[in-house]
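What follows is each chain in one-letter form.
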Amino acid sequence: MEICMQGVCGAYSESAAQKAYPNCEAVPCDQFETAFEAVEGWTVDRAVLPIENSLGGSIHRNYDLLLRHKLHIVGEIKYAVRHCLLANPGVKVNDLKRVLSHPQALAQCEYTLTRLGLVREAVDDTAGAAKYVALSKLEDTGAVASSAAAEIYGLDILAEDIQDDSDNVTRFLMLARDPLIPGTYRPFKTSIVFSLEEGPGILFKALAVFAMRDINLTKIESRPWRRSSLRPPGENANGLQKCFHYMFYVDFEESMASDNAQNALKHLEEFATFLRVLGSYPADTTML
């Protein structure tokens, strides 16, 4: 099975793809959107992309792409991220002036990098930073990346586990062209996106459809509805100009095979202006 992931070989996304689909062939791509297009265009079978990190928060770009494209979430993988400080052979920590990595990786190692007095420069991905340092034979620049990237690109590991918090976990989504048929044979999650008219207590009403059925929400995220710029602003219930339209992304612990989840979404449809199920899939319950 060919699985698309963002970044070059040695990226954390590659490790997550191999955890999700053992013995798969990981297909690197430069941008998240390229991965969505590769699955839609039948170039690859599926994609494994990050959606949130326990320290850095949500990957907003992928939330927006979930709405723009028609792929389905068919699974999730939680991957423990362990950052290393890498440099070319012979280079010592004291030789370094700057460090390259993905913005989230740099943020997750802020304390260590500040203590070392290193200037931080952001690049597209962690493994790409390691590859650049290696190919350019830089002696004053290191990279924050995985131990796998060090092995692939022939770099030395100057320090391991340099993240500020040891509880550093990234959640990845497994995306496919066709939805997974939900079941009740194991714990399931369901991800949805919806919009609401503005008004007093309207979001409370939306979330209450889950609370009244004892459905646990594990994630809620709001994102601007970009298509709102194509229509006039309008007014809210108080006669004030309405310029901001938002989509709400919600994950909850229930399978769409259950009557409970189906009834909750039927209730939500009564006042939601838009509702789409992004996927109902087995929850990753593995201990990290």
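Everything numeric here is computed off the predicted structure, so don't read it as measured data.

Each value, and the rule that gives it
- Residues numbered from 1 in each chain as written.
- Predicted model: local features only at pLDDT ≥ 70, side-chain atom pairs only at ≥ 80, totals over all residues.
- Heavy atoms only, no water.
- Helix = DSSP H or I, 4+ residues; strand = E, 2+ residues; numbered from the N terminus.
- Buried < 20%, exposed > 50% of the residue type's maximum accessible area, 1.4 Å probe, protein only.
- Contact = heavy atoms within 4.5 Å.
- Areas by Shrake-Rupley, 256 points an atom, 1.4 Å probe, with all protein chains shown as cover.
- Lys, Arg positive; Asp, Glu negative; His and termini not counted.
- Charge placed at Lys NZ, Arg CZ, Asp CG, Glu CD.
- UniProt positions renumbered as here; feature names shortened; annotations may be inferred.
- Axes fitted to C-alpha atoms, helices over the stretch in contact; angles between N-to-C directions.
- Parallel < 35°, antiparallel > 145°, perpendicular 65-115°, else oblique.
- Left-handed = near helix turned anticlockwise from the far one by under 90°.
- Nonpolar A, V, L, I, M, F, W, Y, C, P; charged D, E, K, R; others polar.
- Disulfide = S-S within 2.5 Å.
- Polar contact = N/O pair within 3.5 Å; in protein donor to acceptor, adjacent residues only side chain to side chain.
- Pairing = 2+ DSSP bridges.

Participant: Explain the overall build of the chain to me, please; I cannot follow it from the model alone.
Facilitator: Scanning the chain from terminus to terminus reveals 9 helices and 15 strands. Seen through its principal axes, the chain has C-alpha atoms that stretch 65 × 45 × 35 Å. Out of the 288 residues belonging to the chain, those deemed buried represent 49%. In the chain, once contacts between residues fewer than 6 apart in sequence are set aside, the share between residues at least 24 apart is 76%. Looking at the chain as shown, the accessible area adds up to about 14400 Å², and 51% of this sits on carbon and sulfur atoms. Taking the average location of the 28 positive side-chain charges in the chain and that of its 38 negative ones, the two points are 3 Å from each other.

Participant: Looking at this structure, how should I read the UniProt feature "domain: Prephenate dehydratase" (unreviewed entry) in the chain?
Facilitator: Look at the UniProt record and you will see "domain: Prephenate dehydratase" (unreviewed entry) annotated at residues 2-177. The distance separating the terminal C-alpha atoms of residues 2-177 is 13 Å; by composition the span is 33% helix and 34% strand.

Participant: Any chance you could explain the packing of helix H8 (residues 202-211) against helix H9 (residues 259-269) here in plain terms?
Facilitator: When two helices pack together, their arrangement is given by the angle between their axes and by how far apart the axes lie. In the contact formed by H8 and H9, the axes pass within 9 Å of each other and the chain directions differ by 165°. Accordingly, the angle class assigned to the pair H8 and H9 is roughly antiparallel. Taken as a pair, H8 and H9 cross one another with a handedness that is right-handed. Across from Ala206, Val209 and Phe210 in H8, the residues of H9 making contact are Ala264, Leu265, His267 and Leu268. For the contact of H8 with H9, the per-class residue count stands at 6 nonpolar, 1 polar and no charged.

Participant: Is there a simple way to explain the state of the cysteines in this structure?
Facilitator: A disulfide bridge is the covalent bond that connects two cysteines by way of their sulfur atoms. Here the structure, examined in full by the defined rule, presents 0 disulfides. Here Cys9 stays unpaired: no disulfide links it, and the sulfur of Cys24, its closest cysteine neighbor, is 11 Å away. Free of any disulfide, Cys24 has its nearest neighbouring cysteine sulfur in Cys4, separated by 11 Å. Residue class for Cys24 comes out buried when judged on its relative accessible area of 13%.

Participant: What should I look at first to understand the side chain of Glu14 in this one?
Facilitator: Looking at where Glu14 falls in the secondary structure, it is placed in helix H1 (residues 12-20). A polar contact is formed between the side chain of Glu14 and the backbone nitrogen of Gly10, at a distance of 2.6 Å. For Glu14, the residues in contact, after removing those within four places along its chain, are Met5, Cys9 and Ala26.

Participant: How do you make sense of the side chain of Ser13 when you look at a structure like this?
Facilitator: On the secondary structure map, Ser13 appears in helix H1. In this structure Ser13 comes out as buried when scored by relative accessible area, which is 7%.

Participant: Teacher, can you tell me more about the sheet that holds strand S13 (residues 217-224) here?
Facilitator: Within a beta sheet, neighbouring strands are joined by backbone hydrogen bonds and run either parallel or antiparallel to one another. Read from one edge of the open sheet, 4 strands run S13-S14-S12-S15, paired in antiparallel fashion. In the strand order of this sheet, the two ends are held by S13 and strand S15 (272-282), each with one partner. Geometrically, the sheet is characterised by an average inter-axis angle of 15° between neighbouring strands, direction not taken into account. Two strands pair when backbone bridges link them, and strand S12 (residues 188-196) and strand S14 (residues 246-252) are joined in this way by 6 bridges, in the antiparallel orientation. Of the residues in S14, the one forming a bridge with Ile192 is Val250. Contacting S12, S13, S14 and S15, helix H3 (residues 60-68) runs over the sheet at an angle of about 80° to S13. Of the strands in this sheet, S12, S14 and S15 touch H9, which is tilted by about 160° from S15.

Participant: Please clarify how the sheet that holds strand S7 (residues 98-101) should be interpreted in this entry.
Facilitator: A sheet is described by the order of its strands in space; here 5 strands give the open sequence S8-S7-S9-S6-S10, paired in mixed fashion. The strands lining the two open edges of the sheet, one partner per strand, are strand S8 (119-122) and strand S10 (156-160). With strand direction ignored, the average angle separating the axes of adjacent strands in the sheet is 30°. Relative to strand S9 (residues 141-145), strand S6 (residues 84-87) runs antiparallel, the two sharing 3 bridges. Residue pairing across strands places Cys84 opposite Ala145, the latter belonging to S9. Running at roughly 150° to S9, helix H6 (residues 126-136) makes contact with S6, S7 and S9 of the sheet.

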